[in-house]
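# Close look at the chain arrangement
These are the residues of each chain, in order.
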Amino acid sequence: MTSIADTAFKTLEEQGRLLNAVLKGPTEKPGRFGFRGELALIFQETLADEKRPPERSVDQVIAIANVGEPTIPFFACYLHSFEWLTDLANVTKGLFSPDGKYFIFCNNIDLLSKYEVEIDGVTFNVLPIDEATVYNELLELLYLDKGDLKKLSTAGKTDAVADAALGFNAKFDVISYAQGVERMGPVRNRNANRPV
């Protein structure tokens, strides 16, 4: 049985950062553990035994880790503001590797921009997102057919996306974190124009 304790997710799980999971268990590939949910970046101060939602988190996380490996090879998420990228890098320090594939879909970068940002030796592919979901954006980026994946379980879909992502080798504009902060726009409220 593939256990989270034998993967690089162990640290994040022990810190109580893996929240609201749609998937937190073995995938259909032997020795692989999948996570889909939310990753807490900054916790609120807890008063007495009151459990409060994180002050800052990344949503729509899709990630995998393999048994016996110290790092997470694939991770994708929705980042509310580009500025939070350093928070993500701090939380995952030592858990992401220079060889891993990390896709950060960001609310407040130009919709025509795609960047590579390196922090502590780890390259983050930073892409724009507007109304779509991380899952749908990944399918488009990785040329995966939604119809082909429809019949698969959540774990199977996660495997398919992760496998395609691990083979991804397109190159984007390389910028520094500071340049990204300079270029980023205001954070858009994704719910502003939604009908109630």
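Here goes a summary of the coordinates provided. (Residues numbered from 1 in each chain as written. Predicted model: local features only at pLDDT ≥ 70, side-chain atom pairs only at ≥ 80, totals over all residues. Heavy atoms only, no water.)

### Some words on the sheet that holds strand β6 (residues 115-119)
Put simply, the rule is: In this description, strands pair whenever DSSP reports at least two bridges between them. Strands here are runs of E lasting at least two residues and helices are runs of H or I lasting at least four, both read from the DSSP assignment and numbered beginning at the N terminus. For helices, the fitted line uses only the C-alpha atoms of the stretch in contact; every axis is such a line through C-alpha atoms, and the angle between N-to-C directions lies from 0 to 180 degrees. We call two residues in contact when some of their heavy atoms are within 4.5 Å.
Taken together, eight strands build an open sheet; the order of strands is β1-β2-β3-β4-β5-β7-β6-β8 and the sheet is mixed. The sheet is open, and its two edges are formed by β1 (18-26) and β8 (173-175), each paired on a single side. Averaged over neighbouring strand pairs, the angle between their axes works out to 25 degrees when direction is ignored. Both β6 and β8 contribute to a ladder of three bridges, which runs parallel. Note on β8: the bridge partner recorded for Val117 is Ile175. Taken strand by strand, helix α5 (residues 154-166) contacts β1, β2 (32-42), β3 (56-66), β4 (72-79) and β5 (96-106), and its axis lies near 80 degrees from that of β2.

### Digging into the pairing of β5
The test is simple: Accessibility here uses a 1.4 Å probe with only protein chains present; expressed as a share of the type maximum, an area under 20% marks a residue as buried, one over 50% as exposed, and anything in between as partly exposed. A clockwise path from the first strand over the helix to the second, with the strands pointing away from the viewer, defines a right-handed crossover.
A large share of β5 lies buried, amounting to nine of its eleven residues. In the sheet, β4 pairs with β5 via seven bridges, with the strands oriented parallel. Considered in β5, the bridge of Ile72 is made with Phe96. Note that the unit made of β4, helix α2 (residues 85-91) and β5 has a crossover that is right-handed. Note that β5 and strand β7 (residues 122-128) share five bridges and pair parallel. For Cys106, the partnering residue across the bridge sits in β7 and is Pro128.

This is a description of form; function is not addressed.
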